[in-house]
Amino acid sequence: MTAEAAEAGSGESPAHRAPMAAKLLDYLVRAIVSDPDAVEVSERAVPNGVRLILRVAPEDQGRVIGRGGRTADSLRTLVRVAGARENVEVSLEIEDSAR
């Protein structure tokens, strides 16, 4: 059974499985970037939960990743905890702005 089929059977769309985690990520990232209007958070269903996909302006990529990846690791931890409060396993993918 695919994730999409499982989602269809549950009556819940993937975009609504982790709303608190997505809102938290959006709020936090908008606070640290220089171009908050370029922040995009989308969700994709994966077999074990939800993957949040984050896109920011190319000049903000370094701010979101942070020195040694510390900021990105912290964001991943926070969305994982927010997802756990909603009983959903949440992961974070930061898309490369150059794509």
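Structure's up top.
Notes on the structure in this doc start here. (Residues numbered from 1 in each chain as written. Predicted model: local features only at pLDDT ≥ 70, side-chain atom pairs only at ≥ 80, totals over all residues. Heavy atoms only, no water.)

We now examine the pairing of strand β3 (residues 90-94). Side chains of β3 alternate between two faces, with V90, L92 and I94 buried and S91 and E93 left unburied. Looking at chain direction, strand β2 (residues 49-55) and β3 are connected through 5 bridges and run parallel. Bridge pairing in β3 places R51 opposite S91. (Buried < 20%, exposed > 50% of the residue type's maximum accessible area, 1.4 Å probe, protein only. Helix = DSSP H or I, 4+ residues; strand = E, 2+ residues; numbered from the N terminus. Pairing = 2+ DSSP bridges.)

Looking now at the pairing of strand β1 (residues 40-46). Sheet topology note: the β1/β2 ladder contains 7 bridges and is antiparallel. Paired with E40 across the bridge in β2 is R55. Between β1 and β2, which pair antiparallel and follow one another directly, the connecting turn spans 2 residues.

Glancing now at the sheet that holds β3. Pairing is mixed across the open sheet formed by 3 strands, whose spatial order is β1-β2-β3. The open sheet has two free edges, formed respectively by β1 and β3, since each of these has just one partner strand. Neighbour to neighbour, the strand axes of the sheet diverge by 25° on average, direction disregarded. Lying over the sheet, helix α2 (residues 19-32) contacts β1, β2 and β3, oriented at roughly 20° with respect to β2. Contacts from helix α4 (residues 70-85) reach β2 and β3, with the element oriented near 150° to β3. (Axes fitted to C-alpha atoms, helices over the stretch in contact; angles between N-to-C directions. Contact = heavy atoms within 4.5 Å.)

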